[in-house]
Structures are given as C-alpha cells and as structure tokens.
Amino acid sequence: MYGLTRSLLFQLSAERAHRLGMAGLHYLGRSRDLCESLREKALEGAPPSLAIEVAGLRFAHPVALAAGLDKDAEAVDGLFACGFSGVEIGTLTPRPQPGNPSPRLFRLPEHRAIINRMGFNNHGATQAAARLRMQTWRPGPLGVNIGKNKDTPLEQAVDDYVACVDALAPLGDYVVVNASSPNTPGLRKLQEPEQLGQLLGAVQERLATVAPGKPLFLKIAPDLSPEAVDEVVDVARAQKLAGLIATNTTVARPFEHPLAKEAGGLSGAPVREPANAVIRRAWLRSGGALPIIGVGGVFTAQDVYEKLRAGASVVQVYTGFIYEGPGMVGNILPTLATLLARDGYKQVRDVIGAEHRKPGAPN
C-alpha cells in the first residue's frame, strides 16, 4: 500500500511531499484511540525481551525515530502510532528561523539516500514548548534536539543552547545537543574538545537547575577521524553525559550522481558503514560505559542488528522511514526479535566486546 503512496509522493518535490506526510501524521494524532490501536498493531512483533533501558529511559524495543523529521513537535502522537519506541523532535533553536533557501532537500532513490541542507528551519523553542505542554499521550521517551540560530556568532552559541534548555528541557524526557549538523556554518567546530567541553558544561549546569536528572546526549558527525571520536568520548565522559547519538549526516559523497554536487548532509544507506565505524570506535573508547544511540542507513532488521552489534543500545531511523513508510517498525520487529534471540539482547555488549577485541578486528 505504501509503495503506491510513495510513488505518488515522489512525483512531488521532496519538501512538499514531506509537508504532506507530516500533515497526515498530525491529523492522525488527533485521534487518540486510532493512534493507540495502530501502535498496538505495530508492536505485535515486539516481545517484552526487546525492551531496553538507556540512561533511565525505558524503550519498548530498539527502533526509535531520529530528529529532523518532526522539527516542531507537530506530529508526535502520529509518529508514536507508527510504533517507534521513542521520538526525537528538532533540531530546535531559540528563535524561529526559515532555514536555507529552497531547493534544499533532494532524494536519491537509486542510492536509498537523501541530501538536505535545511538549515535548522523551525518555528522556535517557544512554539514547540507550547505544543509539548498540550501533549497527553507519551507511550515512549520523547527527546528534544537543540541547536543554535544561524545568525548567532559561534562564540555566543552557548547562550542559544542554554535558552533552549530553559524552554524545552522540562517538557522532554531527554535533551540532545546537536553540534554536528553540516548545514549551519561553523557549527561542527563545537565538536572540538575545548569548545565542546565549555558547551556541554554550560548545558549540564543549566539542566541541573531547570530539569534535574534529565539525561543529556550529544549528537556527533560521521566524518570525525578515529582520534577525534576518542576526544569527543573523553569530553562526554568528563562532562558526565548520558550518552552519544552517532551519527548525523555526512558531507562525504561516496558515489557518482548528478545531485552529488549539491551542498548539504547526506543520509541513508551510504552512511550506514561510516556510522557503524563511529559507533564501534566510541564504544571501544568508553569501554562500553557510555550508552550510544545509533543512527545512519537503517532500513531493515539486519541494519538495526548491525548497529546493536557495533555497540548501540537503541537505533534511530530517519531516511529509512521516508523510503519504507509507516509500516517500517512493524515490519522490522519480528525479524529483529529472531536475530537478537540468538545471542540475547541484554548480553549483546559482551558479544561485541569480544568481537571488537579479536586480533585484526576493526577499530
């Protein structure tokens, strides 16, 4: 059924199709009974053994939704109805901003990929906060992904993140610092150790005041060198972060395509292996002590399984949802349960630890 719908949507521009999809999910969210019924059906293939706790947050299974799809918390209920164990909204900035000029979103179906240079287009933290206050149904953790406005100088970026914490942290279940989008000029410089330590320290301090105990995650890029991943992990542990989200989109173009010249972040299947490599490196550097939410190139149960074996505890999807549709989670869970039953979801960290430390294993 979604194959036909996707064919029709793909006749439209990518951004227009996105708006239509979000509108549909928004209106779905108006019916609590329908949302609950659809979610129950999507979770039929998720045995209790798939549940996992990360940073004190309980996920019914490992498949969650990444930030970027619902920037303004407009369709949270509709997305939970699709079966996601958690939903992350954003990236949100203190002030509304239109983002970059259109066109800024491009599909590459033959590569199962998307290029975007949206530029944190959103209606601002205040409007999103108002929507979250009205929410009455939350069957899983809701994450709030925050960033800085484009016109805020980098040396004042901390102020923007802290302002977002003030507005949004009390309303979400966890907070994510996005310092890795390639579409806000200079933003990725915040991943450098000194600046990152200052940013995370300030956010943690404010979080302790306005939402004590709320978990804080950091979303990082797939383009970091192995040594840079080590530095980020060290800073994250020093700042007592709840975990990492690995990874954001990439500026690399690992294939030839007429659209490859378009600026922006590449997501989808080509990011799967780079993201897995960052997850492995971060897991090894922390000795498995820093929880990781894996993102990048997830379309199937096997893709989820690979990220769990690389070191992730939960796996988020974005581009895969665009291509696979609202039945994606329900399709993944039965096969994923079978895959994980072979070595036990709860023991997977021991398994990957042994694998990664074998002579000649990738690091």
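Okay, so let's go over this structure.

Conventions adopted
Residues numbered from 1 in each chain as written. Predicted model: local features only at pLDDT ≥ 70, side-chain atom pairs only at ≥ 80, totals over all residues. Heavy atoms only, no water. Helix = DSSP H or I, 4+ residues; strand = E, 2+ residues; numbered from the N terminus. Expected span 1.5 Å × (residues − 1). Buried < 20%, exposed > 50% of the residue type's maximum accessible area, 1.4 Å probe, protein only. Lys, Arg positive; Asp, Glu negative; His and termini not counted. Salt bridge = Lys/Arg side-chain N within 4 Å of Asp/Glu carboxyl O. Polar contact = N/O pair within 3.5 Å; in protein donor to acceptor, adjacent residues only side chain to side chain. Phe/Tyr/Trp six-rings, centres within 6.5 Å; stacked < 30°, edge-to-face > 60°.

Bringing helix α9 (residues 272-286) into the picture now. Helix length check: α9 (15 residues) gives 21 Å between terminal C-alpha atoms against 21 Å at 1.5 Å per residue, within 8%. Those residues of α9 that fall on the buried side of the exposure criterion are A275, N276, V278, I279, R280, R281, A282, W283 and S286. G287, located one to two residues past α9, shows a positive phi value of around 65°.

Attention shifts here to the side chain of D70. Residue position: D70 is located in the loop between β3 (63-65) and α4 (76-81). Buried D70, no salt bridge; nearest opposite-charge side chain is R131, N-O distance 7.0 Å. Only 3.1 Å separates the side chain of D70 from the backbone nitrogen of A73, close enough to count as a polar contact.

In total, this model carries 14 salt bridges according to the counting rule given. Here R32 makes a salt bridge to E36, at a shortest N to O gap of 2.7 Å. Residue R32 and its partner E36 are both found in helix α3 (residues 32-42); the two are separated by four residues, about one turn of the helix. Looking at R32, the relative accessible area reads 36%, which means it is partly exposed. A salt bridge links R188 to D223, with the nearest nitrogen and oxygen atoms 2.6 Å apart. Highlighted residues: R188 in the loop between β8 (174-178) and α7 (193-210) and D223 in the loop between β9 (216-220) and α8 (226-238), separated in sequence by 35 residues. Connected through shared salt-bridge partners, D230, D234, R281 and R285 make up one network.

Remark: the centre distance and the inter-plane angle together describe each pair of aromatic rings, the angle taken between the planes. Under the definition given, this model contains five aromatic pairs. An angle of 70° between the planes, with centres 6.4 Å apart, marks the rings of F80 and W137 as edge-to-face. Of this pair, F80 sits in helix α4 while W137 is found in the loop between α5 (125-134) and β7 (142-146), placing the two residues 57 residues apart along the sequence. Taken individually, F80 and W137 each receive the classification buried, so the pair is uniform in this respect. Centre to centre, the rings of F84 and F321 are 5.1 Å apart; their planes meet at 75°, and the pair counts as edge-to-face.

Let us now look at the environment of Q127. By secondary structure assignment, the location of Q127 is in helix α5. As a C-alpha pair, Q127 and G90 span 37 residues in sequence and 12 Å in three-dimensional space.

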